[in-house]
2 protein chains.
Amino acid sequence: MMLQKIVIIGANAAGVEAASAVRKKDRTAEITLVTREKTVGYSRCGLPFVISGVIPQLKELIVYPPAYFQMLKLNLRTQTTASVINTKEKTVTIQTPRGVNETIAYDKLIIATGAEPFMPPIKGREKLGILSLRSIEDGEKIDAAVKAGAKSAIIMGAGLIGLELGAALIKRGLQVTVVEMLPQILPQLLDVDMAKLVQDHLKQKDMKILLNKTVEEILGEDKVSAIKASGEILTADMYISAFGVRANTKLAVDSDIPLGETHAIKTNAYMETEVKDVYAVGDCAETTHIITHRPICPQLGTVAVRQGKVAGMNVGGANSQFTGVLVSAITRLFDIEIGTTGISEAVAVKNNIQTVVGIISSKTKADYYPSAKSIKVKLIVEKESERIIGAQIVGGEEVTQRINALSFAIQKQMTVRELAKADTAYAPPVCETWEPMVLAAEMVLMKLR
Amino acid sequence: MMLQKIVIIGANAAGVEAASAVRKKDRTAEITLVTREKTVGYSRCGLPFVISGVIPQLKELIVYPPAYFQMLKLNLRTQTTASVINTKEKTVTIQTPRGVNETIAYDKLIIATGAEPFMPPIKGREKLGILSLRSIEDGEKIDAAVKAGAKSAIIMGAGLIGLELGAALIKRGLQVTVVEMLPQILPQLLDVDMAKLVQDHLKQKDMKILLNKTVEEILGEDKVSAIKASGEILTADMYISAFGVRANTKLAVDSDIPLGETHAIKTNAYMETEVKDVYAVGDCAETTHIITHRPICPQLGTVAVRQGKVAGMNVGGANSQFTGVLVSAITRLFDIEIGTTGISEAVAVKNNIQTVVGIISSKTKADYYPSAKSIKVKLIVEKESERIIGAQIVGGEEVTQRINALSFAIQKQMTVRELAKADTAYAPPVCETWEPMVLAAEMVLMKLR
């Protein structure tokens with residue numbers, strides 16, 4: 001029997017997970033991972049926490065060390081660029097670190113090219129010195145700038161990465177100003193009411209947040225020396241672009257592998273692209289939202305590993321389906337955790353879904369138990385079906401697993417009436433008698449009755 | 001219109017919740033709560049944490065102060081014993097604090113008489129000086145004994161209360177020995193494998209645990225001076241009975257209100273007893289297990305308030321059903337949290353349910369994130385339907401809401417395949433990329449495939 005040749009382009013969350021899944025199913029396949037990066041198998045999501053100093057060194061983020069690739073007999077080719085995919089001949093042309101072109105054949109190809117920071121077409125955006133945070137090297141640059149004495153930073157964009165990085169720099173002693181075009185922070189995660197809670201906390205921690213401010217121009221000679229935002233000139237020692245990321249699709253486009261309407265690579269439930277034997281996973285791949293049934297490219301680490309696993313299993317001979325996303329996401333900023341799953345009120349409006357919303361403020365332990373922290377739960381319920389379709393939680397602790405609980409509830413089409421009667425656990429040191437999620441359901445019911 | 005007369009016997013979790021629910025539905029009803037206790041509306045579950053010193057004073061456990069009863073216009077009669085229920089005349093005979101008998105009429109009666117510590121028929125059990133922990137007064141006695149200089153304690157029973165109290169006394173500096181008849185601790189909550197984990201932790205914290213030891217005799221003159229357990233004589237400065245609690249059903253039995261097979265008061269989904277216009281809720285009431293469909297009396301605070309609410313709403317004119325229990329329970333002992341929901345492997349065997357089990361050890365944060373703690377998740381899956389029917393978790397943090405998440409999953413009949421593909425949230429400071437619950441599902445699938 002011929003050995004299966006598998007090529008995977010990309011070697012972080014999605015790519016390595018895919019490789020591991022192939023190997024579990026197929027002990028003999030030749031599996032080659034090709035990546036432009038020097039360091040592979042690391043956790044991007046950990047980068048802000050190295051900048052903050054909580055994690056001592058960037059290299060600690062490497063969750064798949066070289067030994068892992070050896071153990072699974074994965075042929076890892078770092079600092080190697082995949083330049084052409086020939087989907088008819090089933091080959092990938094790569095450029096080795098020494099600049100030599102080489103053509104490797106595949107039976108199955110998995111594209112895990114990820115995403116990269118996006119800079120809108122702002123005047124002067126070509127100027128040097130604008131930092132971003134996507135790779136270990138980016139992290140090193142930001143860390144070096146802080147060590148070189150930077151005292152202040154302007155962050156363009158109040159999304160997850162912008163705020164996590166802002167919090168990290170404040171912990172390092174910098175004055176941080178975040179500039180956001182929209183009228184709220186975390187627009188992808190939260191509705192404006194919940195975002196306001198987070199904003200108030202960040203303000204208490206001395207993060208300066210300017211909303212409704214559009215970055216119009218990057219000023220300076222060759223190098224950035226200021227930015228102009230809605231007419232105002234802002235200066236700092238560091239300038240960081242955190243506008244968001246865009247799927248890395250150039251290779252796919254050049255190879256006539258179709259994109260979807262989100263401009264990420266179109267995939268089906270098996271993580272196959274529209275080209276035979278070519279899969280796409282992770283931040284470069286489009287998928288489907290469980291609630292809206294619309295295409296989406298959520299660019300989250302959990303989604304990347306889940307997709308990588310499905311593609312890898314299928315390449316290895318299984319028949320596994322990816323079941324879509326709820327875009328469950330979580331972070332910790334200073335003393336609060338912020339989580340979301342399903343859709344927001346705002347997204348519901350855009351999709352013409354009529355909702356009833358319940359919000360409750362409660363505590364994370366029995367009210368009389370020392371160090372009980374505040375927690376606020378917002379539930380979004382579809383009016384007609386009375387099903388839970390979204391949740392947002394901001395609290396001092398224990399937010400993550402509540403998001404997971406509500407994610408399970410949404411995936412299993414739990415109604416708000418069922419949640420209001422759910423069996424939950426209780427002990428004074430770890431939660432309240434009436435679970436806040438249940439109380440939020442009760443708030444919705446008061447409007448439904 | 002005649003005002004509805006509601007009598008509630010018992011004024012803690014279940015009773016007060018019931019009274020509140022009636023009042024929300026019926027602004028004019030005359031609501032009378034009758035209780036033998038002096039202090040009412042307090043959290044029993046908080047008692048061990050006052051003993052440990054975490055909560056400074058017993059009175060802080062009062063979650064419903066007198067003002068609450070006034071606000072809701074509840075007629076509260078403390079230190080008052082309900083001695084006879086006449087279900088034909090629809091009256092309750094009570095004895096006031098002054099010893100006067102009084103008969104009060106009801107249109108609807110709610111029995112929330114709770115439970116009380118159970119002492120098996122051990123020789124010498126009538127001897128004085130054996131303590132237990134159920135009421136504020138019990139807490140005061142234990143606290144007084146510690147303050148009087150007790151240096152050691154023997155706790156009979158390794159259930160939740162026994163171990164919580166044992167941990168509390170160790171924190172107060174006492175040497176604690178727990179004597180348990182069964183070959184494991186926490187037999188109601190955990191299978192033997194997970195119980196062993198907890199036992200190891202307790203041992204590290206200097207709790208001495210003697211398993212397979214039956215208390216055969218209480219020794220001493222009038223007052224306990226030693227116990228004999230499986231032939232061994234054990235002595236300490238304090239002796240605590242923590243064999244468990246039994247439903248307080250004397251009043252019901254005397255009034256011909258039928259009990260169920262668990263010897264608690266039989267109820268239907270509306271929390272009605274078999275006698276018209278008489279309801280029973282909380283630790284004295286029998287209910288139905290969601291998985292086994294068998295009668296059960298779980299005696300948990302969450303169940304008490306949920307049942308109280310259903311009964312109260314129905315008395316107030318609603319048509320609310322109690323949906324059964326999964327016996328979700330949680331506690332914290334020293335540095336670990338212990339949680340359970342659904343049924344254990346042992347209960348599955350008893351009910352002839354064939355299961356497949358998955359166990360995984362993981363971390364509560366990204367592996368590289370400082371202070372990540374260990375967590376172990378055990379999933380119990382019904383083989384035929386592949387549905388999750390039980391879970392047990394022991395970990396350093398973030399156990400409670402995972403129990404709630406799995407409780408939701410069980411209630412919504414999630415299969416282990418669905419859990420293995422569930423959308424979960426991830427960020428390095430709060431969880432791992434692959435959620436441990438999902439990994440446990442994967443372990444089950446490896447056995448099912």
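Bear in mind the structure is a predicted one, so any value in this text is a computation, not a measurement.

Caption draft 1: Representation of the overall build of chain A in the model. The helix and strand inventory of chain A stands at 12 helices and 25 strands. By the compact-globule yardstick of 22 Å for 449 residues, chain A fits well, its C-alpha radius of gyration being 23 Å. Counting only C-alpha atoms and orienting by the principal axes, one finds that chain A spans roughly 65 × 55 × 40 Å. Here chain A holds 449 residues, and the buried ones make up 61% of them. Restricting the contact set of chain A to residue pairs at least 6 apart, pairs at least 24 apart contribute 63%. Total accessible area on chain A is roughly 18,400 Å²; 50% of this is exposed by carbon and sulfur atoms. Charge-centre separation for chain A: the mean point of 53 positive side chains lies 2 Å from the mean point of 48 negative side chains.

Caption draft 2: Representation of the pattern of salt bridges within the structure. Counting across every chain of the model gives 52 salt bridges over all chains. The salt bridge involving Asp283 of chain B is made with Arg134 of chain B; its shortest N-O contact spans 2.9 Å. Of the two residues, Asp283 of chain B sits in the loop between strand E18 (278-280) and strand E19 (287-288) while Arg134 of chain B sits in the loop between strand E9 (130-131) and helix H4 (136-147), which places them 149 residues apart along the sequence. Each of Asp191, Asp193, Glu345 and Lys378 of chain A takes part in salt bridges that share partners, so that together they form one network.

Caption draft 3: Spatial organisation of the sheet that holds strand E15 (residues 232-234) of chain A. Residue and element names in this part refer to chain A. Strand order across the open sheet formed by three strands is E13-E14-E15, with antiparallel pairing between neighbours. Each edge of the sheet is formed by a strand with only one pairing partner; in this case those strands are strand E13 (215-219) and E15. Across this sheet, the average inter-strand angle for adjacent strands is 25 degrees, counted without regard to direction.

Caption draft 4: Inspection of the interface of chain A and chain B at higher detail. Residue-level contacts link 66 residues of chain A with 66 residues of chain B. Carbon and sulfur atoms supply 62% of the area that chain A and chain B bury against each other, a total of about 5,700 Å² over both sides. On the chain A side of the contact with chain B, Tyr368, Phe408 and Asp423 of chain A bury the most area, a combined 15% of that side's loss. Summed over the shared surface of chain A and chain B, the number is six salt bridges. For Glu418 of chain A, the salt bridge identified is with Lys412 of chain B, shortest N-O distance 3.0 Å.

Caption draft 5: Focus on the packing of aromatic side chains. Residue and element names in this part refer to chain A. The full count for this structure, using the stated rule, is six aromatic pairs over all chains. Ring geometry for Tyr64 versus Tyr68: centroids 4.6 Å apart, planes at 50 degrees, classification tilted. For the pair shown, Tyr64 and Tyr68 are each scored as buried. Geometrically, the ring pair formed by Tyr68 and Phe69 is edge-to-face, given 6.1 Å between the ring centres and 90 degrees between the ring planes. In this structure Phe69 comes out as buried when scored by relative accessible area, which is 3%.

Caption draft 6: Here's a closer look at the pairing of strand E1 (residues 5-9) of chain B. Residue and element names in this part refer to chain B. Counted residue by residue, E1 has four buried out of five residues, so it is predominantly covered. Here four bridges tie E1 to strand E7 (residues 108-111), and the two strands are oriented parallel to one another. Each residue of the ladder has a partner; that of Val7, found in E7, is Leu109.

Caption draft 7: Just the relation of the copies chain A and chain B, in detail. Between chain A and chain B, which share one sequence, the superposing operator has a rotation angle of 180 degrees and an axial displacement of 0.0 Å; the RMSD is 0.0 Å. Both copies of the chain, as the preceding transformation shows, are related through a two-fold rotation axis. Closest approach to the rotation axis within chain A is made by the C-alpha atom of Ala405 of chain A, at a distance of 1.9 Å. A symmetric contact is evident, with 100% of the interface residues of chain A recurring at the interface of chain B.

Caption draft 8: The arrangement of the sheet that holds strand E2 (residues 30-34) of chain B in detail. Residue and element names in this part refer to chain B. In spatial order, the strands read E3-E2-E1-E7-E18; together these five strands make up an open sheet with parallel pairing. Whereas interior strands pair on both sides, the edge strands pair on one side only; in this sheet they are strand E3 (74-77) and E18. Pairwise comparison of adjacent strand axes, ignoring direction, gives a mean angle of 20 degrees for this sheet. The sheet contacts of helix H1 (residues 13-25) involve E1, E2, E3 and E7, and relative to E2 the element is tilted by about 175 degrees. Against the sheet, helix H8 (residues 301-315) engages E1, E7 and E18, with an angle of about 175 degrees to E7.

Caption draft 9: The pairing of strand E11 (residues 175-179) of chain A, seen in detail. Residues and elements named next belong to chain A. Extensive coverage of E11 is indicated by the burial of four of its five residues. By the bridge criterion, five bridges tie strand E10 (residues 152-156) to E11 in an arrangement that is parallel. The residue of E11 that forms the bridge with Ile154 is Thr177. Each parallel crossover has a hand, and the one from E10 via helix H5 (residues 160-171) to E11 is right-handed. Where E11 meets strand E12 (residues 207-210), four bridges bridge the pair, whose relative direction is parallel. Bridging from a neighbouring strand, Thr177 pairs with Lys208 of E12. Between the parallel elements E11 and E12, the chain passes through helix H6 (residues 192-204) in a crossover that is right-handed.

Caption draft 10: Spatial organisation of the nonpolar core. Counting residues in hydrophobic clusters, the biggest one holds 287 residues, and the most contacted among them are Leu169 of chain A together with Leu169 of chain B. If we ignore the near neighbours within four places in the chain, the residues touching Leu169 of chain B are Ile51, Ile142, Val146, Ala153, Ile155, Leu174, Val176 and Ile240 of chain B.

Caption draft 11: How the structure looks around the environment of Ala115 of chain A. Residue position: Ala115 of chain A is located in strand E8 (residues 115-117). Aside from chain neighbours lying at most four places away, what touches Ala115 of chain A is Arg134, Val245, Arg246, Ala247, Asn248, Asp283 and Gln299 of chain A.

Caption draft 12: A look at unusual backbone geometry. The backbone of Leu186 of chain A sits at a positive phi, close to 45 degrees, despite the residue not being glycine. When you line up the elements, Leu186 of chain A lands in the loop between E11 and H6. The backbone of Gln299 of chain B sits at a positive phi, close to 50 degrees, despite the residue not being glycine. Gln299 of chain B sits in the partly exposed class, given a relative accessible area of 23%.

Caption draft 13: Broad picture of the confidence of the model for chain A. Model confidence for chain A is summarised by a mean pLDDT of 96, while 100% of its residues fall at 70 or above. On the interface metric, ipTM, the complex scores 0.96, and its pTM is 0.97.

Caption draft 14: Up close: the packing of H1 of chain B against H8 of chain B. Residues and elements named next belong to chain B. Across the interface, H1 lies against H8 with an axial gap of 7 Å and an inter-helix angle of 35 degrees. Crossing hand, H1 versus H8: right-handed. Residue-level contacts link Ala13, Ala14, Glu17, Ala18, Ala21, Val22 and Lys25 of H1 to Ala304, Val305, Gly308, Lys309, Gly312, Met313 and Val315 of H8.

Caption draft 15: Here's a closer look at the environment of Val327 of chain A. Following the sequence through the fold, Val327 of chain A ends up in the loop between helix H8 (301-315) and strand E21 (329-333). The class of Val327 of chain A is buried, set by a relative accessible area of 19%. Distance from Val327 of chain A to Gln299 of chain A, taken between C-alpha atoms, is 8.8 Å for residues 28 residues apart in sequence. Not counting the four nearest positions on each side in its chain, Val327 of chain A is found in contact with His289, Ile296, Pro298, Leu300 and Thr340 of chain A together with Asp423 of chain B.

Caption draft 16: Layout of helix H1 (residues 13-25) of chain A. Residue and element names in this part refer to chain A. Taking 1.5 Å of rise per residue, the 13 residues of H1 would be expected to cover 18 Å, and the 19 Å separating its terminal C-alpha atoms lies within 8% of that figure. Counted residue by residue, H1 has 10 buried out of 13 residues, so it is predominantly covered. Buried residues of H1: Ala14, Gly15, Val16, Glu17, Ala18, Ala19, Ser20, Ala21, Val22 and Arg23, and no others. Against strand E1 (5-9), strand E2 (30-34), helix H3 (66-71), strand E3 (74-77), strand E7 (108-111) and H8 lie the buried residues of H1.

Caption draft 17: Looking closely at the side chain of Ser320 of chain A. Along the chain, the position of Ser320 of chain A falls in the loop between H8 and E21. With relative accessibility at 6%, the residue Ser320 of chain A sits in the buried group. A polar side-chain atom of Ser320 of chain A sits 2.9 Å from a polar atom in the side chain of Lys421 of chain B.

Reading guide: rules and limits
- Here the residue numbering is sequential within each chain, running from 1 through the sequence in written order.
- For naming, the first written chain is A and the first written ligand is 1, with later ones following in the order written.
- Whole-chain, interface and lining totals are the exception, using all residues; otherwise, since this is a predicted model, local features are given only for residues with pLDDT of at least 70 and side-chain atom pairs are given and counted only at 80 or more.
- For side-chain calculations, the full set of non-hydrogen atoms in the structure is used, while hydrogens and water are omitted.
- For helices the rule is a DSSP run of H or I covering at least 4 residues; for strands it is a run of E covering at least 2, with both sets numbered from the N terminus onward.
- Here the globule rule is a power law, 2.2 Å times the number of residues to the power 0.38, and the radius of gyration is based on C-alpha atoms.
- With a 1.4 Å probe rolled over the protein chains alone, any residue whose accessible area is under 20% of its type maximum counts as buried; one over 50% counts as exposed, and the rest are partly exposed.
- Note on contacts: a residue pair qualifies if any of its non-hydrogen atoms lie within 4.5 Å across the two residues.
- Accessible surface area values rest on a Shrake-Rupley calculation with a 1.4 Å probe, where residue burial reflects the displayed protein chains alone.
- Neither His nor the chain termini are counted; the positive set is Lys and Arg, and the negative set is Asp and Glu.
- In this description, the location of a charge corresponds to atom NZ of lysine, CZ of arginine, CG of aspartate or CD of glutamate.
- One speaks of a salt bridge when a side-chain nitrogen belonging to Lys or Arg is within 4 Å of a carboxyl oxygen belonging to Asp or Glu.
- When DSSP finds at least two bridges between two strands, those strands are taken to pair.
- Angles shown run from 0 to 180 degrees and are taken between the N-to-C directions of axes, each axis being a line fitted to C-alpha atoms and, for helices, limited to the stretch in contact.
- Buried area is understood as the total, over both parts, of accessible area removed when two parts are fitted together, assessed with a 1.4 Å probe.
- Pairing of aromatic rings covers Phe, Tyr and Trp, the last through its six-membered ring, and needs centres within 6.5 Å; plane angles under 30 degrees mean stacked, over 60 mean edge-to-face, and all others mean tilted.
- Here the copies were fitted onto each other by least squares, based on C-alpha atoms from residues at pLDDT of at least 70 in both.
- Handedness of a crossover is defined as follows: orient the strands so they point away from the viewer, and if the path from the first strand over the helix to the second runs clockwise, the crossover is right-handed.
- We call a set of buried residues a nonpolar core when its members are Ala, Val, Leu, Ile, Met, Phe, Trp, Tyr or Cys and they connect through side-chain atoms within 4.5 Å of each other.
- Per-residue confidence from the predictor is given as pLDDT, running between 0 and 100.
- It is the rotation of the near helix from the far one that decides the hand of a crossing: anticlockwise by less than a right angle makes it left-handed, clockwise makes it right-handed.
- Given the number of residues in a helix, its expected span is that number minus one, multiplied by 1.5 Å.
- Contacts described as polar in this section are N or O atom pairs within 3.5 Å, which, within protein, must combine one atom able to donate a hydrogen with one able to accept it, while residues neighboring in sequence count only if both atoms come from side chains.

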